[in-house]
Every structure is written in structure tokens, then in C-alpha cells.
Amino acid sequence: MKKWLLILALLTTLTGCGYNDFQRLDEQTKSAWSEVLNQYQRRADLVPNLVATVKGEANFEQETLTRVIEARARATSMQVTPETLNDPQAFQRFQQAQGELSSALSRLMVVSERYPTLQANAGFRDLRVQLEGTENRITVARNRYIQSVQEYNVLARSFPTNLTAMVFNYDPKPNFSVQNEAAISAPPKVEFGTPAAPPSPAAPATPAAPAASR
């Protein structure tokens, strides 16, 4: 009887100190992270077909294409494990690699606007729509992960659940952050098409006629 009372008291204590909440939020965070990885993989799978289509365009900027290929290689070569969620350095490297691929793909889309035949290519248009849809899914998945991590970290830092976190080594988890805060704080450059032609030089003034002599 004493044994069961002790077990009941222990379970009550664990529930009150947030132990079960840590388990729930940890699983929720892992699930949200899996969806983030799933969407990033979906994007990576689209890149080879996109590159192959763009290669068919004559005189396309090779530097832009090379950046996409190299960025994808770096992003897909990273070993992502469940421990990545608890390793701020590894998480930052993962975030940086995915950010570089996002930047390279964005540049590719901008450059492609200069090639009418590429824009008219049905295969390219389809890939572009798929890529845009995937980027939207990535944003949604990241937001869910950010919310899950926020809930977990608040629990890990609040009293008295922070005591449970210390006992069971439930450290706060790293979260997505802005890569370049200085860049987003700078005012955007606004360009209105091609620059206007410089004004033509003013015609020289006609000299005044000399006054008539008296």
C-alpha cells in the first residue's frame, strides 16, 4: 500500500512540475521539425529539373546557375539528426545552408525574367509554380516549428518547471532567426524602370541686339 501511495505521490509531483508537458511539447517540436525537413527536401527535389530546363536556354547566366547547383549540394550534404534540434551550432549551419539555397533560387527567378523564350516554356512555368508553392509550405512549416519551440522554451525557462528542466536536462531549443538583421533594417532601393534620359543642353542665349546710337 505504501508503495502505491509513493508512486501516486511521485506521479502527482511530476505532473505538477511540468514533466508531462515537456514530453508533449518535445514530441510536438519533433513533429514540426520533420515537416520543415520534408518541405526543404521537396524543394531540393525540384532543383535538378529546374536547372536542366534553364540549361536549355541559350546564353543564360552561368554564374547564377552555378550558385544554385552549389547551394543545393551544400544544403543536401548536411547530416540532419534529431540531435540537431539541441545543437545551436549545427542548427545555425543548417539554417545558413538553406538560406543560401533560397537566395540562389530567388536570384535565378529574377534573372529568368530577362529571357522571354524561357518564360514561354511550359515546363519552366510549371516548375516555377511548384517552387513558389513549396516556398509557401516551407514558410508555414517554419512558423509552426517556431511556435512549438517557443512553447517548449517558455516552459523550460519558467518557474517551477525550469527546475524539472534542470533535473532532466531539458535545455531550450534553438529556433529560426533572421540571418542578416542589418540587411532587413536598411530601407529598400526603389527603381522605376530605366533611368530617364539626361536633359538636352540648353540652347545658347541669343545675344541682345546693340542699342541704337543716338
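Residues numbered from 1 in each chain as written. Predicted model: local features only at pLDDT ≥ 70, side-chain atom pairs only at ≥ 80, totals over all residues. Heavy atoms only, no water.

1. A few points about the side chain of R128
Right, on to step 1. The topology assignment puts R128 in helix α6 (residues 122–157).
Right, on to step 2. R128 sits in the buried class, given a relative accessible area of 17%.
Right, on to step 3. There is a polar contact of 3.4 Å between the side chain of R128 and the side chain of Q119.
Right, on to step 4. Here R128 is in contact with M109, S112, E113 and Q119, once residues within four sequence places are set aside. (Helix = DSSP H or I, 4+ residues; strand = E, 2+ residues; numbered from the N terminus. Buried < 20%, exposed > 50% of the residue type's maximum accessible area, 1.4 Å probe, protein only. Polar contact = N/O pair within 3.5 Å; in protein donor to acceptor, adjacent residues only side chain to side chain. Contact = heavy atoms within 4.5 Å.)

2. Considering the pattern of salt bridges
Right, on to step 1. Inspection of every chain in the model, using the stated rule, returns ten salt bridges.
Right, on to step 2. Measuring nitrogen to oxygen at the nearest pair gives 3.0 Å for the salt bridge that ties E113 to R128. On the criterion of sequence distance, the pair formed by E113 in the loop between α4 (88–112) and α5 (116–119) and R128 in helix α6 is long-range, its members being 15 residues apart.
Right, on to step 3. Connected via shared salt-bridge partners are D26, K30 and K173. (Salt bridge = Lys/Arg side-chain N within 4 Å of Asp/Glu carboxyl O.)

3. Re unusual backbone geometry
Right, on to step 1. Residues F159 and P160 are joined by a peptide bond in cis, for which omega reads 5 degrees.
Right, on to step 2. By secondary structure assignment, the location of P160 is in the loop between α6 and α7 (161–168).
Right, on to step 3. A positive phi angle is found at N169, which is not glycine, with a value near 60 degrees.
Right, on to step 4. Relative to the elements of secondary structure, N169 occurs in the loop between α7 and α8 (181–185).

4. Some remarks on the packing of aromatic side chains
Right, on to step 1. Applying the stated criterion to the full structure yields 13 aromatic pairs.
Right, on to step 2. Ring plane angle 50 degrees and centroid distance 5.4 Å describe the contact between W33 and Y145, whose orientation is recorded as tilted. On the criterion of sequence distance, the pair formed by W33 in helix α2 (residues 19–55) and Y145 in helix α6 is long-range, its members being 112 residues apart. The two residues W33 and Y145 agree in class, both being buried.
Right, on to step 3. Summarising the aromatic geometry, the rings of F60 and Y115 are spaced 5.0 Å apart at their centres and angled 40 degrees between planes, so their arrangement reads as tilted. Of this pair, F60 sits in the loop between α2 and α3 (62–77) while Y115 sits in the loop between α4 and α5, placing them 55 residues apart in sequence. Of the two residues examined, F60 and Y115, each falls in the buried class.
Right, on to step 4. Members of the aromatic cluster, connected to one another through ring pairs, are W33, Y40, F91, F94, Y145 and F176.
Right, on to step 5. Directly above the ring of F176 sits R142, whose terminal nitrogen or CZ lies 4.1 Å from the centroid.
Right, on to step 6. Across from the ring centre of Y152, 4.6 Å away, lies the NZ or CZ of K173, which sits over that ring. (Phe/Tyr/Trp six-rings, centres within 6.5 Å; stacked < 30°, edge-to-face > 60°. Lys NZ or Arg CZ within 6 Å of the ring centre and 35° of its normal.)

5. What to know about the confidence of the model for the chain
In low-pLDDT regions, the fine details of the predicted coordinates are not to be read closely.
Right, on to step 1. On average, residues of the chain score 81 in pLDDT, and 75% of them are at 70 or above.
Right, on to step 2. Taken together, the stretch residues 3–12 has pLDDT below 50 and engages in zero contacts with residues farther than four places along the chain or on a different chain.
Right, on to step 3. Confidence drops under a pLDDT of 50 for residues 180–214, and excluding neighbours within four residues, the segment shows one contact in the predicted structure. (pLDDT = per-residue confidence, 0-100.)

6. Here we look at α7
Right, on to step 1. For α7, the complete set of buried residues consists of T161, T164 and A165. All buried residues of α7 fall inside an arc of 105 degrees around its axis, so they share one side. Counted as exposed and oriented over 90 degrees from the buried face of α7: M166 and V167.
Right, on to step 2. As for α7, its buried residues are in contact with α2 and α6. (Arc of directions from axis to C-beta.)

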